[in-house]
Amino acid sequence: MSAIIAQSGVAAARALQGPARSVARCSRQQYMRLRAQQQQPFRPAARSFSASGRVLEKRYTEDHEWIDTSDPESASIGISTYAAKALGDVVYVELPTTGTEVNAGDAIGAVESVKSASDIMTPVSGTILEVNSVLEDKPGTINSSPEGDGWLAKIKISAEQELDALMDAEGYRKFTEENKSSD
Amino acid sequence: MIVWNSACRSARLSTRPLTVRRCLSQRTLDRLTDPVQSYISTSRDPYLNLSIEHFLLQQSAPESVVLLLYVNRPSIIIGRNQNPWLEVNLALLDPSSHDQSYSEPPGLGAVDLVRRRSGGGTVFHDEGNVNWTVICPSKDFTRDQHAEMVVRALRDCGIDRARVNVRHDIVLDQGQHSLTIGSDDTHSTPYQTPEADARKPLKVSGSAYKLTRQRALHHGTCLLSSPNLNIIPHYLHSPAKPYMTARGVESVSSPVGNILLSNERFIASVQKQFGKLYRSIGDAQEVGDEWQEHDSVRKGCDELKSPEWTYLQTPQFSISNQSDTLTDVDLELSVRNGVISSGFCGTRKSGYSGAARTGLPAGLDGRRLHDISSWDDELGGSLPSVSHDRVTRLCKWLHMMLPPPIGRPNTHFR
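Residues numbered from 1 in each chain as written. Chains lettered and ligands numbered in written order. Predicted model: local features only at pLDDT ≥ 70, side-chain atom pairs only at ≥ 80, totals over all residues. Heavy atoms only, no water.

> Provide a residue-level description of the overall build of chain B, including the pertinent values.
When helices and strands are counted, chain B shows ten helices and 17 strands. Looking at chain B as a whole, 55% of its 414 residues are labelled buried. Taking contacts inside chain B between residues at least 6 apart in sequence as the whole, the part at least 24 apart equals 73%. Carbon and sulfur atoms make up 51% of the accessible area of chain B, which totals about 18,300 Å². (Helix = DSSP H or I, 4+ residues; strand = E, 2+ residues; numbered from the N terminus. Buried < 20%, exposed > 50% of the residue type's maximum accessible area, 1.4 Å probe, protein only. Contact = heavy atoms within 4.5 Å. Areas by Shrake-Rupley, 256 points an atom, 1.4 Å probe, with all protein chains shown as cover.)

Set out below in structure tokens:
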């Protein structure tokens with residue numbers, strides 16, 4: 001994804017700090033959150049959650065992919081709003097095969113927009129559990145809802161420590177602003 | 001996705017006998033780290049040229065800029081996410097495989113079909129077309145900058161009608177000289193005509209891109225003196241198109257024309273503009289058939305030649321003869337990843353009541369479409385309730401729409 005977005009080249013890995021934001025989500029996300037809370041948490045106990053209950057565990061890469069880690073058994077992957085805007089109209093999405101084992105940084109699919117085939121990399125290692133078949137008929141969902149309905153695949157994370165190297169939403173926002181200012 | 005082996009980097013290999021050399025020379029490998037690299041291919045093999053191009057994308061230093069120029073023998077290059085059955089008249093590709101009475105026009109011989117790794121639409125390559133590729137760091141990439149470079153190269157050769165259009169293609173404007181335009185503006189010419197004017201610009205170069213984490217590749221064609229402009233439309237018009245519903249990327253047709261410049265003059269001008277843009281005066285290195293010896297390049301060629309890449313990469317589509325008036329046995333096939341996944345067969349005028357429809361004919365379910373060399377053999381015994389004549393007509397239609405690919409024995413004409 002970073003290919004079409006000017007990169008500052010500055011490493012921006014940040015640990016999660018402070019309470020996570022609460023974001024209005026659909027009911028399925030709420031269910032996933034409650035399910036995760038009932039299960040043994042994999043995150044360090046030092047993290048705190050918003051008392052209002054709605055927390056989106058989203059992390060970002062420098063290549064503008066995001067991963068929703070609210071359920072580590074089935075984490076969603078997609079590309080950021082920032083990346084979707086830079087890509088232009090998506091006309092085709094190539095999705096990975098379920099069951100594939102991948103390492104962090106592997107290309108798991110590709111997106112075509114404006115005659116460009118752009119690789120999509122997985123932020124973490126794991127096994128692909130599910131792909132978003134909506135994108136087969138409606139690839140433009142990536143443009144209309146890149147961080148929601150336009151998710152690409154779900155992965156069972158095999159190395160949770162890899163998440164520590166990813167940016168939280170605030171860190172990613174700052175990263176993209178640095179990118180813009182360096183254009 | 002394919003993971004490429006690293007380039008062999010050992011100095012010890014340069015002392016091995018040439019007959020067992022499996023890697024490029026050390027000098028060649030060292031050059032991959034140069035900040036500005038320029039290559040020209042002596043090969044006409046489209047599989048090799050595209051594999052060399054991909055090797056340079058994968059192996060050139062992340063901060064380097066690379067120029068590659070190459071010419072291919074007659075071949076059709078489809079985009080990564082395209083459908084060969086929809087885009088190409090596959091029956092024309094191998095003239096030896098079908099009845100000569102309808103192979104029009106003569107003279108081109110065998111034409112290769114290649115699926116490239118970048119996006120975009122279908123193009124026809126021949127010796128009158130020069131392909132240019134620029135690879136640069138992702139952070140420096142824009143879709144127009146190297147098309148603008150090629151326009152400057154053309155204008156240096158006196159082709160002042162050339163400009164970059166909104167689709168990042170290069171066109172020649174066809175109007176009278178009327179406007180005063182700054183000579184540096186590569187997106188306008190004094191020959192532009194209003195939108196409604198009948199003198200539409202002629203497309204002379206199409207662009208496509210492959211974007212990876214660190215590197216961006218932009219390649220394009222350049223129609224200089226193709227002798228085949230009149231016959232290219234025959235190859236790029238598939239008889240199956242009206243009967244297909246397909247996902248994936250469809251080509252956008254444009255009127256094309258020759259620039260009428262020699263390959264040599266164009267190549268020299270592009271190399272000069274590239275050197276000017278990146279402030280480098282180095283000579284272009286020749287690349288060619290000897291690069292087949294390199295494992296990565298050879299594997300890349302093998303992949304591009306494989307039926308799996310060419311056909312199984314095809315996005316999902318379905319084909320139906322419902323609107324055809326000459327056949328009277330309905331058939332619909334759905335093809336996913338190049339494999340027949342579902343469908344039905346039934347007699348016409350059944351109104352799709354279901355009573356006269358049956359499922360997929362036995363033996364077709366799960367078949368790779370490109371493996372089918374004879375529809376007569378596939379369907380002959382599968383429709384016992386249908387007369388032989390009607391089945392024959394259906395098979396003839398299927399053979400026209402979904403002909404066996406190049407290299408497959410054609411048993412329709414006996």
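> Run through unusual backbone geometry, naming residues and quoting values.
Positioned with a positive phi, Val-114 of chain A is a non-glycine residue whose angle comes to about 45°. On the secondary structure map, Val-114 of chain A appears in the loop between strand S6 (107–113) and strand S7 (116–121). Looking at Val-114 of chain A, the relative accessible area reads 31%, which means it is partly exposed. For Arg-279 of chain B, which is not glycine, the phi dihedral falls at a positive 50°. Within the fold, Arg-279 of chain B resides in the loop between helix H6 (263–277) and strand S13 (285–287). The exposed category is assigned to Arg-279 of chain B, whose relative accessible area is 76%.

> Could you give me a rundown of the layout of surface pockets, with the residues and numbers involved?
In this structure, the second largest pocket encloses a volume near 1,100 Å³. Lining the second largest pocket are 48 residues, with Thr-122, Val-123, Lys-203, Ser-251 and Val-252 of chain B sitting closest to its centre. Mapped onto the lining of the second largest pocket, the elements with two or more residues apiece are S6 of chain A together with helix H3 (84–87), strand S5 (123–125), strand S9 (202–205), strand S10 (207–211), strand S11 (215–220) and helix H5 (232–235) of chain B. (1 Å grid on protein atoms, 1.4 Å probe; cavity = no way out; pocket = protein on both sides within 12 Å on 5 of 7 lines; lining within 4 Å. Points joined across faces, edges and corners; volume = space filled by probe spheres on them.)

> Please provide a residue-by-residue account of the confidence of the model for chain A, values included.
Residues and elements named next belong to chain A. When pLDDT is averaged along chain A, the result is 77, and 67% of the positions lie at 70 or above. Within chain A, helix H4 (residues 141–144) carries the highest mean pLDDT (97), whereas helix H1 (residues 27–38) carries the lowest (55). Every residue in residues 6–25 scores below 50 in pLDDT, and together they form 50 contacts with partners more than four places removed in sequence or on other chains. Low pLDDT (under 50) marks residues 40–55, which in the prediction has 30 contacts with non-local residues, meaning those over four places away or in another chain. (pLDDT = per-residue confidence, 0-100.)

> Which residues make up the interface of chain B and chain A, and what values go with them?
A common way to state how big an interface is: give the accessible area lost once the parts meet. Counting residues at the interface gives 29 residues for chain B, matched by 25 residues for chain A. When the buried area of chain B at its contact with chain A is split by residue, Leu-211, Arg-213 and Arg-247 of chain B rank highest and sum to 28% of it. Our enumeration of links across chain B and chain A arrives at seven salt bridges. In this structure, Arg-336 of chain B and Glu-136 of chain A form a salt bridge, with 2.9 Å as the shortest nitrogen-oxygen distance. In this assembly, chain B and chain A are joined by 16 residue pairs in polar contact (both at pLDDT 80 or more). When residues of the side of chain B that touches chain A are assigned to their parent elements, the largest contribution, five residues, is made by S10 of chain B. Its residues assigned to classes, the side of chain B that touches chain A comprises seven nonpolar, eleven polar and eleven charged. Two strands pair when backbone bridges link them, and S7 of chain A and S10 of chain B are joined in this way by three bridges, in the parallel orientation. When the bridges of S10 of chain B are listed, Ser-116 of chain A appears paired with Tyr-209 of chain B. (Buried area = accessible area lost by both parts, 1.4 Å probe. Salt bridge = Lys/Arg side-chain N within 4 Å of Asp/Glu carboxyl O. Polar contact = N/O pair within 3.5 Å; in protein donor to acceptor, adjacent residues only side chain to side chain. Nonpolar A, V, L, I, M, F, W, Y, C, P; charged D, E, K, R; others polar. Pairing = 2+ DSSP bridges.)

> Account for H6 of chain B, naming residues and giving values.
Residues and elements named next belong to chain B. An ideal rise of 1.5 Å per residue puts 21 Å on 15 residues; H6 measures up with 21 Å between its terminal C-alpha atoms. Of the residues making up H6, those classed as buried are Asn-263, Phe-266, Ile-267, Ser-269, Val-270, Gln-273, Phe-274 and Gly-275. Turning to H6, the residues buried within the fold contact strand S1 (36–41), strand S2 (65–70), strand S6 (131–137) and helix H4 (145–156). Looking one or two places after H6, you find Arg-279, whose phi comes out positive at around 50°. (Expected span 1.5 Å × (residues − 1).)

> Can you explain the nonpolar core? Please cite residues and give values.
Nonpolar side chains in soluble globular proteins tend to end up buried together. Residues and elements named next belong to chain B. Counting residues in each nonpolar core, the largest one holds 42 residues, and the members touching the most others are Ile-76, Ile-319, Leu-333, Ile-340, Leu-369, Trp-375 and Leu-402. Mapped onto this core, the elements with two or more residues apiece are strand S3 (75–78), H3, H5, strand S14 (317–320), strand S15 (329–336), strand S16 (339–347), helix H9 (375–379) and helix H10 (388–401). With six residues, the single largest contributor to this core is H10. The contacts of Leu-369, once residues within four sequence positions are left out, are Trp-85, Phe-317, Val-335, Gly-338, Ile-340, Trp-375 and Leu-402. (Core = buried A, V, L, I, M, F, W, Y, C linked by side-chain atoms within 4.5 Å.)

> Tell me about helix H2 (residues 46–59) of chain B, residues and numbers included.
Along an α-helix, residues three or four apart share an orientation, since each turn contains 3.6 residues. Residues and elements named next belong to chain B. Compared with an ideal rise of 1.5 Å per residue, which puts 14 residues at 20 Å, H2 spans 20 Å between its outermost C-alpha atoms and is within 8% of the ideal. Among the 14 residues of H2, 13 are classified as buried, and the element is accordingly described as predominantly covered. Two or three places before Tyr-47, at the start of H2, stands the capping residue Asp-45, its side-chain oxygen 2.9 Å from that residue's backbone nitrogen.

> Describe the sheet that holds strand S9 (residues 153–157) of chain A, listing the residues and the values that go with them.
Taken in spatial order, the six strands line up as S1-S2-S3-S9-S8-S5 (chain A) in an open sheet, and their pairing is antiparallel. The two strands at the open ends of the sheet, each matched to only one other strand, are strand S1 (58–60) and strand S5 (101–102) of chain A.

> Could you give me a rundown of the sheet that holds S3 of chain B, with the residues and numbers involved?
Residue and element names in this part refer to chain B. Reading across from one edge, S4-S3-S5 is the order of the three strands in this open sheet, with mixed pairing throughout. In this open sheet, the two strands that pair with only one neighbour each are strand S4 (112–115) and S5. Averaged over neighbouring strand pairs, the angle between their axes works out to 25° when direction is ignored. Across three bridges, S3 lies against S5 in antiparallel orientation. Within S5, the position partnered with Ile-77 by the bridge is Val-123. (Axes fitted to C-alpha atoms, helices over the stretch in contact; angles between N-to-C directions.)

> Quick rundown of the environment of His-187 of chain B? Include the residues and the values.
Residues and elements named next belong to chain B. Take His-187: it is sitting in the loop between strand S8 (170–172) and S9. The spatial distance from the C-alpha of His-187 to the C-alpha of Ala-147 is 9.9 Å, given a sequence separation of 40 residues. Residues contacting His-187, with those up to four places away along its chain left out, are Asp-144, Glu-148, Arg-163, Val-164 and Gln-192. A distance of 2.7 Å separates the side chain of His-187 from the side chain of Glu-148, its partner in a polar contact.

> Lay out the packing of H4 of chain B against H6 of chain B with the relevant residues and their values.
Residue and element names in this part refer to chain B. Taken N-terminus to C-terminus, the directions of H4 and H6 make an angle of 125°; their axes are 8 Å apart at the nearest point. One element, H4, and the other, H6, form an angle in the oblique class. Every pair of crossing elements has a handedness; the one defined by H4 and H6 is right-handed. Within the contact between the two elements, H4 uses His-146, Met-149, Val-150, Arg-152, Ala-153, Leu-154 and Asp-156 and H6 uses Phe-266, Ser-269, Val-270, Lys-272, Gln-273, Phe-274 and Leu-277. (Parallel < 35°, antiparallel > 145°, perpendicular 65-115°, else oblique. Left-handed = near helix turned anticlockwise from the far one by under 90°.)

> Go over the side chain of His-168 of chain B, please, and point to the residues and values.
Position of His-168 of chain B among the secondary structure elements: in the loop between strand S7 (162–164) and S8. Of the residues examined, His-168 of chain B reaches a relative accessible area of 14% and is grouped as buried. His-168 of chain B has contacts with Val-114 of chain A together with Arg-143, Asp-144, Ala-147, Ser-207 and Tyr-209 of chain B, leaving out every residue within four places of it along the chain.

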